[in-house]
There are 2 protein chains.
Amino acid sequence: MSFRDELTRVCESVEGGVLCTLMSFDGIPVDTFEREEESARLNAQTLLAEIANAANQLNTALVNGGFGAAGEFTVNLKECAVVIRPITHEYFIALALAQGGNFGKARYLLRIAAPVLQEQL
Amino acid sequence: MSFRDELTRVCESVEGGVLCTLMSFDGIPVDTFEREEESARLNAQTLLAEIANAANQLNTALVNGGFGAAGEFTVNLKECAVVIRPITHEYFIALALAQGGNFGKARYLLRIAAPVLQEQL
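Attention in this report is confined to the structure presented alongside it. (Residues numbered from 1 in each chain as written. Chains lettered and ligands numbered in written order. Predicted model: local features only at pLDDT ≥ 70, side-chain atom pairs only at ≥ 80, totals over all residues. Heavy atoms only, no water.)

### Considering helix α1 (residues 3-13) of chain B
Moving on, step 1. Within α1(B), the full set of buried residues consists of B:F3, B:E6, B:L7, B:T8, B:V10 and B:C11.
Moving on, step 2. Elements in contact with the buried residues of α1(B): β1 (17-24), β2 (29-34), β5 (91-98) and α4 (103-120) of chain B. (Buried < 20%, exposed > 50% of the residue type's maximum accessible area, 1.4 Å probe, protein only. Helix = DSSP H or I, 4+ residues; strand = E, 2+ residues; numbered from the N terminus. Contact = heavy atoms within 4.5 Å.)

### Overview of the interface of chain A and chain B
It is common to give the size of an interface as the accessible area lost on bringing the parts into contact.
Moving on, step 1. With 24 residues of chain A at the contact, the number on the chain B side is 24 residues.
Moving on, step 2. Around 1900 Å² of area is buried between chain A and chain B when both sides are counted, 64% of it from carbon and sulfur atoms.
Moving on, step 3. The largest contributions to the chain A side of the interface with chain B come from A:L58, A:F67 and A:N76, which together make up 28% of the buried area.
Moving on, step 4. The interface formed by chain A and chain B includes zero salt bridges.
Moving on, step 5. Applying the counting rule to chain A against chain B returns five residue pairs in polar contact (both at pLDDT 80 or more).
Moving on, step 6. Elements represented by at least two residues in the side of chain A that touches chain B include exactly α3 (44-64), β3 (72-76) and α4 (103-120) of chain A.
Moving on, step 7. Where β3(A) and strand β3 (residues 72-76) of chain B come together, five bridges link them in antiparallel fashion. Counterpart to A:T74 in the pairing with β3(B) is B:T74. (Buried area = accessible area lost by both parts, 1.4 Å probe. Salt bridge = Lys/Arg side-chain N within 4 Å of Asp/Glu carboxyl O. Polar contact = N/O pair within 3.5 Å; in protein donor to acceptor, adjacent residues only side chain to side chain. Pairing = 2+ DSSP bridges.)

### A short note on the pairing of β3(B)
Residue and element names in this part refer to chain B.
Moving on, step 1. When you tally the buried positions in β3, you get five out of five residues, the bulk of the element.
Moving on, step 2. With burial as the criterion, each face of β3 is covered, one bearing E72, T74 and N76 and the other bearing F73 and V75.
Moving on, step 3. For β3 and strand β4 (residues 80-86), the ladder comprises four bridges, and the chain directions are antiparallel. Bridging across to β4, V75 finds its partner in V82.
Moving on, step 4. Linkage of β3 to β4, two consecutive antiparallel strands, is achieved through a turn of three residues.

### Description of the relation of the copies chain A and chain B
Moving on, step 1. With an RMSD of 0.0 Å, chain A superimposes on chain B once it is rotated by 180° and translated 0.0 Å along the axis. On the angle and the small slide along the axis, the relation comes out as a two-fold axis. The rotation axis passes nearest to the C-alpha of A:T74 in chain A, at a distance of 2.5 Å.
Moving on, step 2. The share of interface residues of chain A whose copies in chain B are also at the interface is 100%, consistent with both copies meeting through the same surface. (Least-squares fit on C-alpha atoms with pLDDT ≥ 70 in both.)

### Comments concerning the packing of helix α1 (residues 3-13) of chain A against α4(A)
All names here are of chain A.
Moving on, step 1. Running from N to C, α1 and α4 cross one another at 170°; their axes reach a closest spacing of 10 Å. As the angle between them shows, α1 and α4 are arranged roughly antiparallel. Of the residues in α4, those in contact with F3, E6, L7, V10 and S13 of α1 are K105, L109, L110, A113, V116, L117 and Q120.
Moving on, step 2. Tallied by class, residues from the contact of α1 with α4 come to eight nonpolar, two polar and two charged. (Axes fitted to C-alpha atoms, helices over the stretch in contact; angles between N-to-C directions. Parallel < 35°, antiparallel > 145°, perpendicular 65-115°, else oblique. Nonpolar A, V, L, I, M, F, W, Y, C, P; charged D, E, K, R; others polar.)

### With respect to the packing of aromatic side chains
How two aromatic rings sit relative to each other is set out by the distance from centre to centre and by the angle between their planes.
Residue and element names in this part refer to chain B.
Moving on, step 1. All told, the structure shown has two aromatic pairs over all chains when counted by the stated rule.
Moving on, step 2. On the basis of an interplanar angle of 45° and a centroid distance of 4.9 Å, the ring pair of F25 and F92 is categorised as tilted. One end of the pair, F25, is in the loop between β1 and β2; the other, F92, is in strand β5, and 67 residues separate them in sequence.
Moving on, step 3. Take F25: its relative accessible area is 5%, and that puts it in the buried class. (Phe/Tyr/Trp six-rings, centres within 6.5 Å; stacked < 30°, edge-to-face > 60°.)

### Thoughts on the pattern of salt bridges
Residue and element names in this part refer to chain A.
Moving on, step 1. Counting across every chain of the model gives twelve salt bridges over all chains.
Moving on, step 2. Its salt-bridge partner being E6, residue R9 comes within 2.9 Å of it at the nearest N-O pair. Residue R9 and its partner E6 are both found in helix α1; the two are separated by three residues, about one turn of the helix.
Moving on, step 3. The exposure class of E6 is buried, given its relative accessible area of 2%.
Moving on, step 4. Of the charged contacts in the structure, one is a salt bridge between R41 and E38, with a shortest N-O distance of 3.1 Å. Here R41 pairs with E38, and both are found in helix α2 (residues 36-42), just three residues apart, close to one helical turn.
Moving on, step 5. Taken together, the shared-partner salt bridges connect E38, R41 and E79 into one network.

### Focus on unusual backbone geometry
A negative phi angle is the norm for most residues apart from glycine, just as the trans form is the norm for most peptide bonds.
Moving on, step 1. Positive phi, close to 55°, is recorded for A:N43, a residue that is not glycine.
Moving on, step 2. In this structure A:N43 comes out as partly exposed when scored by relative accessible area, which is 34%.

Here it is as structure tokens:
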């Protein structure tokens with residue numbers, strides 16, 4: 001299964017799923033599936049790049065502070081929510097959800113998808 | 001009800017609750033309730049200050065980017081999880097949970113506690 005297939009499967013399995021991406025922590029996507037109209041409305045690509053940058057800085061601080069790398073970050077905004085799950089030191093999978101989407105299922109599906117994508121990296 | 005009473009009530013109502021704090025985004029606590037032994041083991045005060053700093057930077061980027069301020073941040077680590085809920089531009093309430101704690105209930109209780117604390121600020 002290709003990256004795109006897996007990202008599509010995750011995004012389409014979550015109520016409210018708008019964009020699912022495999023991205024490096026410098027904010028550059030490897031591959032992305034998005035519901036284009038909704039994703040453009042929420043400016044989801046830019047939002048994810050902002051959050052990725054912050055997550056990367058925080059992860060560095062956490063590792064340096066002896067807390068270990070984070071397994072998951074989430075950010076809830078007025079119009080959407082974002083779940084980020086690091087896969088390696090360099091890459092993470094992220095899902096943007098429209099407001100009212102199934103946050104718990106998003107977290108669950110990223111947890112399941114992470115090792116599948118990791119094997120292919 | 002004092003800040004400490006409310007923070008104690010929240011922390012003691014969540015399975016796995018280790019530390020509940022009302023803190024400014026520069027990492028300085030207004031008031032804190034903690035289960036001392038477990039909190040010291042996890043170095044929860046320092047962890048929260050690190051996450052607060054990152055959340056503050058991200059919030060600034062999100063507001064400047066037109067996404068609005070975040071309603072909630074969460075970070076899951078190997079040994080614990082942290083939920084942060086901004087109350088005002090300056091202050092947030094946060095709860096640190098030991099691994100296996102009730103993450104969903106932590107999010108719920110912070111949502112309920114936020115307006116109670118906001119009224120007193």
